[in-house]
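Residues per chain are reported as follows:
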Amino acid sequence: MDHPGRPRGGAAEQEVGLADMEFREDILGAPYEAAELPLVPDEEGEVSATLIRRLVPGSRQAVLYLHGYTDYFFQTHLADHFAAAGYSFYALDLRKYGRSLRPHQSPNFVTDLTAYDEELDEAIRVIREVDGHTRVLMNGHSTGGLVAALWASRRGGRGLVDGLFLNSPFLSMPASPMVRTLGAPALNALGRATPTRKLPAPLNPHYVHSLHREHRGSWNFDLTLKPAEGFPLYAGWLAAIQRGHRTVRRGLSVDCPILMMASTASTVTSRWDPALMHTDGVLRADDIASLAPHLGRHVTIIRIEGGVHDLVLSSEAVRAQVFAELDRWLAAYFPTP
């Protein structure tokens, strides 16, 4: 199987050290294992991604989870659900995120979303060729949903992924169409000239506060890997995101079934608002839903009342609805052998 973006043969293959990949116990503890995926160095030096797995013995179907912006994999209850349904569960902490972030790197930074093709291709190779799974569902949340959809469209026709489950995918900027259009040329120029320039647009910390148990939520995760204030927003990264959005608006050609879920409502605020506990406080859910048909010819759209941005971190009753809708879709498109 050809893997674009990976150097081929001899010294180049040894340089990124793919043969040295070894799974060890993950920071989440057993039964989770993690392996570093060394990648081609970039302008900041050495770079790698982290593949986490939870194997289901005898399973030939698997799910690969991609996290959002300023995020990493910690949602073990999501893995529990898939494992109970017979899926081996994998998650990828992308380069410069979570487990993969190194001191010499700018957090979350890339200048082109196609850079992630390298770790996605390698993760799929491990899932299929090394671990022997024959069907793969890719599950992307927020920015991970955008990355997954773009990758699946570029890899169409190769049978690498059999379905997409997109949880509040980042398909559009949470701004008016006029602002998005007028700002694109200037942002592209800035991204090319000074890609690591920091922009004054930090995340609203109240979204994370609505989730974490040390604040108003009930979830426990590492606030150094998913800080409430986020990481710096870089011009080059934001320009890359906008290029991805323009590609989505022109239309993708994902050739496998897609399940897209989003909340029924959004809350735009820079202050604490109780509505953050039951609406999308990061993106505009209506924009997500309106763009979902651009992803491919076979898209199922489900709106989740009471859902927060990461739908699987919603309240217990809402999570039950999310998983029920997911299971119904899986029964139709991924029937268990």
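Per chain, residues are indexed from 1 in the order of the written sequence. Given that this is a predicted model, residues contribute local features only at a pLDDT of at least 70 and side-chain atom pairs are listed and counted only at 80 or more, while totals for whole chains, interfaces and linings are drawn from all residues. Side-chain numbers come from the whole structure's heavy atoms, not from hydrogens or water.

Trainee: Explanation requested: the nonpolar core in the structure shown.
Mentor: Nonpolar side chains in soluble globular proteins tend to be buried together. Within the largest apolar cluster, 65 residues are counted, with the highest numbers of intra-cluster contacts made by Leu64, Leu92, Met138 and Trp237. A contact between two residues is defined here by any heavy atoms of the two lying within 4.5 Å. The contacts of Leu92, once residues within four sequence positions are left out, are Leu37, Ala49, Thr50, Leu51, Leu64, Tyr65, Leu66, His67, Glu119, Leu120 and Ala123. Buried Ala, Val, Leu, Ile, Met, Phe, Trp, Tyr and Cys residues form a nonpolar core when they are joined through side-chain atoms within 4.5 Å. Accessible area is worked out with a 1.4 Å probe on protein chains only. A residue is then buried under 20% of its type maximum, exposed over 50%, and partly exposed in between. Ranked by size, the runner-up nonpolar core spans 27 residues in total, among them Phe82, Tyr87, Val322 and Phe323.

Trainee: What exactly am I supposed to notice about the pattern of salt bridges here?
Mentor: Oppositely charged side chains can form a pair if their charged atoms are brought close together. In the sections that follow, a salt bridge refers to a side-chain nitrogen of Lys or Arg positioned within 4 Å of a carboxyl oxygen of Asp or Glu. Inspection of every chain in the model, using the stated rule, returns 19 salt bridges. The partner of Arg24 in a salt bridge is Glu22, and the shortest N-O contact between them spans 3.4 Å. Relative accessible area serves as the criterion here: at 56%, Arg24 is assigned to the exposed category. Accessibility expressed as a relative area gives 48% for Glu22, which makes it partly exposed. Note that Arg328 is salt-bridged to Glu325, the shortest N-O span being 2.8 Å. Of this pair, Arg328 and Glu325 both sit in helix H9 (residues 316-333), three residues apart, which is roughly one turn of the helix. The exposure class of Arg328 is exposed, given its relative accessible area of 53%. When salt bridges with common partners are traced through the structure, they connect Asp117, Asp121, Arg154 and Arg155 into a single cluster. Note on conventions: DSSP H or I runs of at least 4 residues are helices, E runs of at least 2 residues are strands, and numbering of each starts at the N terminus.

Trainee: Teacher, can you tell me more about H9 here?
Mentor: It helps to recall that an α-helix has 3.6 residues per turn; residues three or four apart then point in one direction. Here the expected length of a helix is defined as 1.5 Å per residue gap, with one fewer gap than residues. Here H9 spans 26 Å end to end across 18 residues, near enough to the 26 Å set by a 1.5 Å rise per residue. All of the buried residues in H9 are Val318, Arg319, Val322, Phe323, Glu325, Leu326, Trp329 and Leu330. Around the axis of H9, the buried residues are gathered within 160° of arc, so they sit on the same side. Exposed side of H9, more than 90 degrees from the buried face: Glu316, Ala317, Arg328, Ala331 and Ala332 are the residues found there. Looking at the buried side of H9, the elements it contacts are helix H2 (76-84), strand S6 (135-141), strand S7 (163-167), strand S10 (258-263) and strand S11 (299-304). It is the directions from the helix axis to the C-beta atoms that the arc portrays.

Trainee: Is there a simple way to think about the side chain of His206 in this case?
Mentor: Within the element layout of this structure, His206 appears in helix H6 (residues 205-211). Looking at His206, the relative accessible area reads 19%, which means it is buried. With sequence-adjacent residues up to four places away left out, His206 is seen in contact with Ser270, Arg271, Trp272 and Leu276.

Trainee: Could you clarify how one ought to interpret the pairing of strand S5 (residues 88-93) in this entry?
Mentor: Looking down a regular strand, the side chains alternate between one sheet face and the other. Extensive coverage of S5 is indicated by the burial of six of its six residues. Neither face of S5 is open: one carries Ser88, Tyr90 and Leu92, the other Phe89, Ala91 and Asp93, and all of them are buried. Paired strands, in this sense, are two strands between which DSSP finds at least two bridges. Pairing of strand S4 (residues 61-66) with S5, which is carried by five bridges, proceeds in the parallel orientation. Bridged to Val63 within S5 is Phe89. Crossovers are described as right-handed under a simple rule: with the strands pointing away from the observer, the path leading from the first strand over the helix to the second runs clockwise. One crossover worth recording links S4 to the parallel S5 by way of H2, and it is right-handed.

Trainee: Even after reading the chapter, I still don't get the sheet that holds S7, so can you show me in this structure?
Mentor: One key point about sheets: their strands pair by backbone hydrogen bonds, in either a parallel or an antiparallel sense. Read across the sheet, nine strands follow the order S1-S2-S3-S5-S4-S6-S7-S10-S11 without closing on themselves; strand pairing throughout is mixed. The sheet is open, and its two borders are formed by strand S1 (24-25) and S11, each paired with just one other strand. In this sheet, strand S3 (residues 45-54) lies alongside strand S2 (residues 33-42) in antiparallel orientation, the contact comprising eight bridges. Counterpart to Glu33 in the pairing with S3 is Arg53. Each axis is a line fitted through C-alpha atoms, and for a helix only the stretch in contact is used; angles between axes span 0 to 180 degrees, taken between their N-to-C directions. On the sheet, H9 packs against S6, S7, S10 and S11 and is oriented at approximately 165° with respect to S11.

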